[in-house]
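Observations on the model geometry
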Amino acid sequence: MPFLSDALDRVSPSPTIAVTQKAMDLKAAGKDVIGLGAGEPDFDTPDNIKAAAIAAIEAGKTKYTAVDGIPEVKQAICDKFKRDNGLDYSPSQVSVSTGGKQVLFNALMATLNPGDEVIIPAPYWVSYPDMVKLAGGTPVIVETTIENGFRLTPEALDAAITPNTKWFIFNSPSNPTGAGYGHNQLKALTDVLLRHPHVWVMTDDMYEHLAFDGFQFCTPAQVEPGLYDRTLTVNGVSKAYAMTGWRIGYAAGPEPLIKAMRKLQSQSTSNPCSISQWATVEALTGPQDYLQTRCDAFRTRRDLVVAGLNAAEGITCAVPEGAFYVYPSIAGCIGKTSAEGTKIDSDEDFANALLEEQGVAVVFGAAFGLSPYFRVSYATADAVLEEACRRIQTFCAGLR
Ligand code: GLU
């Protein structure tokens, strides 16, 4: 009898976490490595948020809380949805978990049965399909193209829906491409969903506040109120407030679903960290002005990275609307051999050789379900990004 479960056999370790860990290990071993793998802001958590956490510790707010969030954080989340997205939710429709990851995991675990299908546009964030598989469902991957700006077309969505479709996972601005859907582009998708009343929408809005050049973020239940009763709107403080390590994600949606997610969480982790919840209250209700300042810094970096990558032979990089990722194509590098003799037959070969030969860590495209590409997380200092681009250019110039 095998010791490990069949469920575990259906998944692989998270490649984003693996690359991040590898870069950290190499650095710790004294190697000159530039990590562009981790999708996390390099900025520090703002001082007012840290102070709120310290105050919470000092006030003894260090005990168990309600399983899916203290009333104060739920109210702050309802106010955020109203303020930023025009969405009306009551605290009983809100669930708070240990990172966006647990929110998504809870929702999938709470709803999927064998045979249930989940539509995921590719390239996708690495954990969506594996979470679906862990929960016993079937991911249905629908590829997008660089020509379409990595956006799913309404026709492709419509064609992917079957009587077994339970969820459509939507993510804009996207990890890993940074692609964002404008109002009309999203409306075209929600129009399709209106015609299929059995399909629910899980929208991952984690990169909401990272939108450039006037791109207006919008979310499905806002664009199509007709979907409100079958949409789970997921968000979190990790990216917007540079709080990745605090692990707070949240969602709002129909009460029966939120209740089911709470039941699951009550038997796994119980409440998310009490101190982090108080920090989140401050993040969501305190000053918001630095969001724009940080967004401007990311836009400058995006431009720097897009230009630096397009200057590398064999690489084509589109200009994304948001997040802090770019997803360059390496079609022009495939089939070549690196300066140190590695044959580049796949984006995984490319990423491995780039790390080996130039000390730049990126995540290969196959991990996100669309090849041959790689993901750059440009949430790091400008000077580091400039050096990384120089190294990538040198690597590409050495390909024969
Ligand atoms: N969301 C980030 C990324 O894509 C964090 C790592 C993870 O949880 O996958 O790199």
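This is a predicted model, so every value here is computed, not measured.

Looking at helix α3 (residues 47–58)
- Taking 1.5 Å per residue as the helical rise, α3 with its 12 residues ought to reach 16 Å, and the 16 Å between its terminal C-alpha atoms agrees with that figure.
- Where α3 is buried, its residues meet α11 (274–285) and α12 (289–310).
- After α3 finishes, the residue Gly60 shows a positive phi value of roughly 75°.

What about helix α10 (residues 255–266)?
- The terminal C-alpha atoms of α10 lie 16 Å apart, and with 12 residues this matches the ideal 16 Å at 1.5 Å per residue to within 8%.
- Considered for burial, the residues of α10 that qualify are Leu257, Ile258, Met261 and Gln265. Looking down the long axis of α10, one finds its buried residues gathered within 100° of arc, a one-sided arrangement. Among the exposed residues of α10, those pointing more than 90 degrees away from its buried face are Pro256, Lys259 and Lys263.
- Here the buried face of α10 lies against β2 (94–97), α5 (99–111), β5 (165–171), β6 (200–204), β7 (231–236) and β8 (249–252).

Concerning the packing of aromatic side chains
- Evaluated as defined, the whole model comprises 20 aromatic pairs.
- Seen in terms of ring centroids, Phe81 and Tyr250 are 5.7 Å apart; in terms of plane orientation they differ by 75°. Their pairing is edge-to-face. Of this pair, Phe81 sits in helix α4 (residues 71–85) while Tyr250 is found in strand β8, placing the two residues 169 residues apart along the sequence.
- Measuring from ring centre to ring centre gives 6.1 Å for Phe168 and Phe170, while their planes differ by 45°; the resulting arrangement is tilted. An identical accessibility class is assigned to Phe168 and Phe170; each is buried.
- An aromatic cluster is defined as three or more aromatic residues linked by ring pairs; in this entry it consists of Phe43, Tyr207, Phe298, Phe324, Tyr325 and Tyr378.
- If you follow Lys61 out to its NZ or CZ, it ends over the ring of Trp278, 4.0 Å from the centre.

Overview of the pairing of β2
- Residue alternation in β2 divides its side chains into two sets, Val94 and Val96 and Ser95 and Ser97, and both sets are buried.
- Relative to β8, β2 runs antiparallel, the two sharing four bridges. Following the sheet pairing, Val96 is matched in β8 by Tyr250.

Some words on the sheet that holds strand β3 (residues 117–122)
- The seven strands are arranged β2-β8-β7-β6-β5-β3-β4 in an open sheet whose pairing can be described as mixed. Only two strands of the sheet have a single neighbouring strand rather than two, namely β2 and β4 (138–143). With direction set aside, neighbouring strand axes in the sheet form an average angle of 20°.
- As defined by bridge partners, β7 adjoins β8 across four bridges and the pair is classed as antiparallel. Directly across from Val234, in β8, lies its bridge partner Ala251.

Observations concerning unusual backbone geometry
- The omega angle of the peptide bond from Ser172 to Pro173 is -10°, so this bond is cis rather than trans.
- Tracing the backbone shows Pro173 in the loop between β5 and α8 (183–194).
- The step from Asn175 to Pro176 runs through a cis peptide bond, and the omega angle for that step is 25°.
- Its place among the elements puts Pro176 in the loop between β5 and α8.
- Unusually for a residue other than glycine, Arg247 sits at a positive phi of about 60°.
- In this structure, Arg247 sits in the loop between β7 and β8.

Quick notes on the side chain of Asp204
- If you trace the backbone, Asp204 turns up in strand β6.
- Lys239 provides the closest opposite charge to the buried, unpaired Asp204, separated from it by 8.5 Å.
- Among residues more than four places away in sequence, those in contact with Asp204 are Leu104, Tyr128, Phe170, Asn171, Ser172 and Val234.

Structural notes on the packing of α3 against α11
- Interaxial distance between α3 and α11 falls to 8 Å at its minimum, and their mutual angle equals 140°. Between α3 and α11, the interaxial angle falls into the category oblique. For the element pair α3 and α11, the recorded crossing hand is right-handed. For the pair formed by α3 and α11, the contact residues are Asn48, Ile49, Ala52, Ala53, Ala56 and Ile57 on the first element and Ile275, Trp278, Ala279, Glu282 and Ala283 on the second.

Observations concerning the sheet that holds strand β12 (residues 374–377)
- If you walk across this open sheet you meet the three strands as β9-β12-β11, and the pairing is antiparallel. Unpaired on one side and paired on the other, β9 (325–326) and β11 (363–364) mark the two borders of the sheet.
- When β11 meets β12, the two strands line up antiparallel, connected through two bridges. If you follow Val363 over to β12, its bridge partner there is Arg375.

So, how was this worked out
- Residues numbered from 1 in each chain as written.
- Predicted model: local features only at pLDDT ≥ 70, side-chain atom pairs only at ≥ 80, totals over all residues.
- Heavy atoms only, no water.
- Helix = DSSP H or I, 4+ residues; strand = E, 2+ residues; numbered from the N terminus.
- Expected span 1.5 Å × (residues − 1).
- Contact = heavy atoms within 4.5 Å.
- Buried < 20%, exposed > 50% of the residue type's maximum accessible area, 1.4 Å probe, protein only.
- Arc of directions from axis to C-beta.
- Phe/Tyr/Trp six-rings, centres within 6.5 Å; stacked < 30°, edge-to-face > 60°.
- Lys NZ or Arg CZ within 6 Å of the ring centre and 35° of its normal.
- Pairing = 2+ DSSP bridges.
- Axes fitted to C-alpha atoms, helices over the stretch in contact; angles between N-to-C directions.
- Lys, Arg positive; Asp, Glu negative; His and termini not counted.
- Salt bridge = Lys/Arg side-chain N within 4 Å of Asp/Glu carboxyl O.
- Parallel < 35°, antiparallel > 145°, perpendicular 65-115°, else oblique.
- Left-handed = near helix turned anticlockwise from the far one by under 90°.

In short, the description is geometric, and any link to function would need to be established separately.
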